[in-house]
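Report on the structure
Chain residues, written in single-letter form:
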Amino acid sequence: MKIIENKQIAIVGGGPGGLTLARLLQLKGVNVKLYERDLNKNSRVIGSPLDMHEESGLAAIRAANLLEAFKKNYRPGADRMVIANEHAEIVYSDHDSKPEEDFGNEHFRPEIDRQALRNLFLDVLQTETVVWDSHFISMEKQNDGWLLKFKNGTTAYADLVIAADGVNSKIRPYLTDIKAFYSGITMLEGNVKGAKDNAPIIAKLLNGGKIMAFGNEKNLLLGQKENEEIGFYASFKTDENWASNSGLNFKDNIEILNWFKTKYPEWNSIWYELFENTTAPFIPRSIYCMPTDQTWKTISNLTLLGDAAHAMPPFAGEGANMAMLDALELSENLCSDKYVTLYEAISTYEINMRHRTAVIAQESLQNGELMHAVDALQNMIKMLTIDFKQD
């Protein structure tokens, strides 16, 4: 651990990747601070649940000594899947075939709410590790490190900065000019609270798990969240600036419902209760991806992880898992006696990370195309049937 001995590490961004890295470094006695723009851990609603994968997310959780805590907080059965057509007719379900708990099985992908996962790490980090209300604005070179500046007027010095601040990272440009490109797909997010009463038909169809509904090159993706809440995404191909050019008021349920009726005219009225009962506003999300052939010149006091390094579409369920695996691999390199310099440790991490995530990003892009194709329903049934046979 000589290469980071007596060095101050700054992680910018408190998502799964940043929190995982902070925990893993602290376990090895590293001086680390995590700067997060949120005012506190409960200041905003965090998105859809995450499915953890054995070789990545769960591997990082094990390394962080949090597997038992994870088992107490994940939601058994939430990984169960229903595939439906636009008329809400079920064409595939694994509800009766999937075991509730099978940790150690490479195909088991337990679901956990994002806030619950966040709390797992926040609960075990040392006091004052997370510096809230730290919205990163800029940084400048100072000595061999960086002086970070935040919106609230504070500053902080770090010998090594690790950007975990997402697809719109403000730190990434200090390392590379390469930008993410628009994938061609936009998703409109909504959340229904008290779904058992407010969306009873969909809640019954969901049955505590997930729904993927396909029809006419469009889809609806739904998942059970905590407190009887349903999160969903209307996903469709459109131009990059659809949200700003649509003229839609995303705070108006009736207006968005009418949009859905127009955009998804062939879809059954069963789906309307999602739009009628969403707690506004709806959130439009243009889906981006980093180039799969990206590269940059390593420097010894700055690196990236997660979406800041390799943003990708969500259609392989790998974003958070890759971020947590980044954290695991980076922490191992930084704390290994194998490397003589920080440059060597970071360079090895970045080369491996770019190669690994390029493969996953390409898979995510291909899945996005399959899921928005004319024959998307048949594509997904085929994919899931193959996976089931492998199980």
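Relevant structure appears above.
None of these values were measured; they are calculated from a predicted model.

1. Digging into the overall build of the protein
The secondary structure content of the protein amounts to 13 helices and 17 strands. By its C-alpha atoms, the protein is 65 × 45 × 40 Å across when sized along the principal axes. Out of the 391 residues in the protein, the part that is buried amounts to 55%. Looking at the protein as shown, the accessible area adds up to about 17400 Å², and 47% of this sits on carbon and sulfur atoms. Of the charged side chains in the protein, 40 are positive and 53 negative, and the gap between their average positions amounts to 4 Å.

2. A short note on the pairing of strand S1 (residues 8-12)
Counting buried positions along S1 yields four of five residues, so the element is predominantly enclosed. Direction of pairing for S1 relative to strand S2 (residues 31-35): parallel, over a ladder of five bridges. Along S2, the bridge assignment pairs Ala-10 with Lys-33. Pairing analysis gives four bridges linking S1 to strand S11 (residues 160-163), with the strands arranged parallel. For Ile-9, the partnering residue across the bridge sits in S11 and is Leu-160.

3. What about helix H8 (residues 253-263)?
Buried residues of H8: Asn-253, Ile-256, Leu-257, Trp-259 and Phe-260, and no others. Within H8, the buried residues cover an arc of 155 degrees as seen down the axis, which keeps them to one side. The exposed residues of H8 that point more than 90 degrees off its buried face are Ile-254 and Thr-262. In this fold, the buried residues of H8 make contact with strand S12 (181-192), strand S14 (218-225), strand S15 (229-237), helix H7 (242-245) and helix H9 (272-276). The backbone nitrogen of Ile-254 has a side-chain oxygen 3.0 Å away, supplied by the residue at the start of H8, namely Asp-252.

4. Section: the sheet that holds strand S9 (residues 145-150)
Strands belonging to one sheet form pairs held by backbone hydrogen bonds; the direction of such a pair is parallel or antiparallel. Read from one edge to the other, the open sheet built from three strands follows the order S8-S9-S10, with strand pairing classed as antiparallel. Edge positions in the sheet fall to strand S8 (136-142) and strand S10 (155-158), since each has one partner strand and no second. Taken over all neighbouring pairs, the strand axes of this sheet differ in orientation by 25 degrees on average, direction set aside. Pairing between S9 and S10: four bridges, direction antiparallel. Within S10, the position partnered with Trp-146 by the bridge is Ala-158.

5. A closer look at the packing of aromatic side chains
In the structure shown here, the tally under the stated rule is 23 aromatic pairs. Where Phe-103 meets Phe-108, the ring centres are 5.1 Å apart and the plane angle is 80 degrees; that geometry is what we call edge-to-face. Summarising the aromatic geometry, the rings of Phe-260 and Tyr-272 are spaced 6.2 Å apart at their centres and angled 90 degrees between planes, so their arrangement reads as edge-to-face. Taken together, the positions of Phe-260 in helix H8 and Tyr-272 in helix H9 put the pair 12 residues apart, joining distant regions of the chain. Classification of Phe-260 by relative accessible area gives buried; the value is 0%. The ring of Tyr-264 is capped by Lys-218, whose NZ or CZ atom sits 5.7 Å from the centre of that ring. Arg-354 extends its terminal NZ or CZ atom over the ring of Trp-296, reaching a point 4.5 Å from the ring centre.

6. Quick look at the pairing of strand S4 (residues 81-85)
Most of S4 sits out of view: five of its five residues are buried. The alternating pattern of S4 places Met-81, Ile-83 and Asn-85 and Val-82 and Ala-84 on opposite faces, both of which are buried. As paired elements, S4 and strand S13 (residues 210-215) share five bridges and run parallel to each other. Bridge assignment links Asn-85 to a residue of S13, and that residue is Phe-214. As judged from the three bridges shared by S4 and strand S5 (residues 90-93), these two strands associate in the antiparallel manner. Bridged to Val-82 within S5 is Ser-93. Counting the residues that bridge the hairpin from S4 to S5 gives four residues, and of these Ala-88 lies at a positive phi of roughly 65 degrees.

Cut-offs applied
Residues numbered from 1 in each chain as written. Predicted model: local features only at pLDDT ≥ 70, side-chain atom pairs only at ≥ 80, totals over all residues. Heavy atoms only, no water. Helix = DSSP H or I, 4+ residues; strand = E, 2+ residues; numbered from the N terminus. Buried < 20%, exposed > 50% of the residue type's maximum accessible area, 1.4 Å probe, protein only. Areas by Shrake-Rupley, 256 points an atom, 1.4 Å probe, with all protein chains shown as cover. Lys, Arg positive; Asp, Glu negative; His and termini not counted. Charge placed at Lys NZ, Arg CZ, Asp CG, Glu CD. Pairing = 2+ DSSP bridges. Arc of directions from axis to C-beta. Contact = heavy atoms within 4.5 Å. Polar contact = N/O pair within 3.5 Å; in protein donor to acceptor, adjacent residues only side chain to side chain. Axes fitted to C-alpha atoms, helices over the stretch in contact; angles between N-to-C directions. Phe/Tyr/Trp six-rings, centres within 6.5 Å; stacked < 30°, edge-to-face > 60°. Lys NZ or Arg CZ within 6 Å of the ring centre and 35° of its normal.

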